[in-house]
Amino acid sequence: METRKEKTKRIFGQILEPFALGLLALLFILPAITVINLTPITNELKKLNVLGVTTQGDVVINLVGGSHEIFTEEILNKIDDEGYDYSVRLNKRGADSYSKPILKIENRTEEAAKIFFFGQTLTNTNSTISMIIDKEHFMIQNSKGETFDNEIEILPGQNITLFLALENLSGVQFSEIFDLSIKIR
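To keep things clear, this report deals only with the structure shown in the data block. What you see is a predicted model; the values in this text were computed from it and never measured.

**Quick look at the overall build of the chain**
Now for step 1: A count of helical and extended segments in the chain gives one helix and ten strands.
Now for step 2: Its helices and strands in sequence order give the chain the pattern α-β-β-β-β-β-β-β-β-β-β, from N to C terminus.
Now for step 3: Residue burial in the chain is summarised as follows: out of 185 residues, 28% are buried.
Now for step 4: In the chain, 73% of the contacts between residues at least 6 apart in sequence involve partners at least 24 apart.
Now for step 5: As displayed, the chain has an accessible area near 13,100 Å², and 57% of this comes from carbon and sulfur atoms.

So this is what it looks like as structure tokens:
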């Protein structure tokens, strides 16, 4: 027959042994997990697009901004190294001509750059939409809704301001979105 001391020892052994094994496992597992989490990640970092930071050999396109009654909610997104997307809401308007500076383009490269433009609205409101660069007009969408591709050349070191011009022969009673795709070559 077991003595009371042996019985107590056996019960404590049955209860404490699993806890002791668990603590022993944690003693080895936790440091291993910590070392794995502290190992540096050696993946290639993506290019950072920080506002105001560019390299010298770029064609830089910036949003002019500002407020206008007809041209609102302007957005300029860089799609990749050669492509941008400009979007603007054209609010309801009367029969008239409107224009606003939308983009500043600077060629910081050592050679001429070609820039291609293509734009359109989803609905035809009988509006003529064009770009104005140095008093020269480039038709983007005519009053029938037909769109046109345009190409301009920017010389090294040249800065230009691109105006968006809108002309209506009759009033438009709703707003619409105009998208402009820009490719640099």
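**Let's talk about the sheet that holds strand β9 (residues 159-168)**
Within a sheet, adjacent strands bond to each other through the backbone by hydrogen bonds, running parallel or antiparallel.
Now for step 1: Spatially, five strands are ordered β1-β4-β9-β6-β7 in an open sheet, and the strand pairing comes out antiparallel. With partners counted over all chains shown, the strands left at the sheet margins are β1 (59-63) and β7 (136-141), one partner each. If you compare each strand with its neighbour and ignore which way they point, the axes differ by 30° on average.
Now for step 2: By the bridge criterion, nine bridges tie strand β4 (residues 97-107) to β9 in an arrangement that is antiparallel. Its bridge partner lying in β9, I105 is registered against I160.

**Considerations on the nonpolar core**
Now for step 1: Counting 30 residues, the largest nonpolar core has I115, F117, L164, L180 and I182 as its most contacted members.
Now for step 2: With residues near it in sequence (within four places) discarded, L180 still touches Y84, D85, Y86, F117, F118, G119, M131, I140 and L162.

**Comments concerning a nonpolar patch on the surface**
Now for step 1: Taken together, the side chains of I11, F12, I15, L16 and F19 make up a nonpolar region of the molecular surface, amounting to roughly 520 Å² of accessible area.
Now for step 2: With respect to the helices and strands, F12 occurs in helix α1 (residues 4-38).

**Here we look at the pattern of salt bridges**
Now for step 1: For the structure shown, the criterion picks out six salt bridges.
Now for step 2: E176 is paired through a salt bridge with R93; the nearest N and O atoms lie 2.7 Å apart. Of the two residues, E176 sits in strand β10 (residues 176-184) while R93 sits in the loop between β3 (83-90) and β4, which places them 83 residues apart along the sequence. As far as the burial class goes, E176 and R93 line up, both buried.
Now for step 3: Its salt-bridge partner being E151, residue K114 comes within 3.5 Å of it at the nearest N-O pair. Pair noted here: K114 is in strand β5 (residues 113-121) and E151 is in strand β8 (residues 150-154), with a separation of 37 residues, a long-range link.
Now for step 4: Residue class for K114 comes out partly exposed when judged on its relative accessible area of 36%.

**Notes on the environment of V64**
Now for step 1: As for its placement among the helices and strands, V64 is situated in the loop between β1 and β2 (71-78).
Now for step 2: Each C-alpha atom of the pair V64 and I105 lies 9.9 Å from the other, and the pair is 41 residues apart in sequence.
Now for step 3: Setting aside chain neighbours within four positions, we find V64 in contact with P101, I102, L103 and K104.

**Looking at the environment of E2**
Now for step 1: In this fold, E2 is placed in the segment before α1.
Now for step 2: Under the relative-accessibility criterion, E2 is labelled partly exposed at 42%.
Now for step 3: Residues contacting E2, with those up to four places away along its chain left out, are K7 and R10.

**Looking at the sheet that holds β3**
Now for step 1: One open sheet accounts for five strands, arranged β2-β3-β10-β5-β8; its pairing is antiparallel. The open sheet has two free edges, formed respectively by β2 and β8, since each of these has just one partner strand. The sheet shows a mean angle of 20° between the axes of neighbouring strands, direction not considered.
Now for step 2: By the bridge criterion, five bridges tie β5 to β8 in an arrangement that is antiparallel. For I115, the partnering residue across the bridge sits in β8 and is I152.

Parameters and conventions
The residue count restarts for each chain, going from 1 along the sequence in the order it is written. For this predicted model, a pLDDT threshold of at least 70 governs which residues receive local features, and a threshold of 80 or more governs which side-chain atom pairs are given and counted, while totals over whole chains, interfaces and linings are taken from all residues. In computing side-chain properties, one takes all heavy atoms of the structure into account and sets aside hydrogens as well as water. Counting from the N terminus, the helices are the DSSP runs of H or I reaching at least four residues and the strands are the DSSP runs of E reaching at least two. Partly exposed describes any residue whose relative accessible area lies between the buried limit of under 20% and the exposed limit of over 50%, with all areas from a 1.4 Å probe on protein chains only and scaled to the type maximum. In what follows, residue pairs with any heavy atoms lying within 4.5 Å of each other are defined as contacts. Residue burial considers only the protein chains on display, and all accessible areas are found by Shrake-Rupley using a 1.4 Å probe. At least two bridges found by DSSP between two strands is the condition for calling them paired. Structural elements are reduced to axes, namely lines fitted to C-alpha atoms, with helices fitted over the stretch in contact, and the angle between N-to-C directions of any two is expressed from 0 to 180 degrees. In plain words, nonpolar cores are sets of buried Ala, Val, Leu, Ile, Met, Phe, Trp, Tyr and Cys residues tied together by side-chain atoms within 4.5 Å. Like-charged residues within 9 Å of one another, or nonpolar side chains (Val, Leu, Ile, Met, Phe, Trp, Tyr) within 5 Å, are grouped into patches, provided each residue has over 30% relative accessible area and no salt bridge. In the sections that follow, a salt bridge refers to a side-chain nitrogen of Lys or Arg positioned within 4 Å of a carboxyl oxygen of Asp or Glu.

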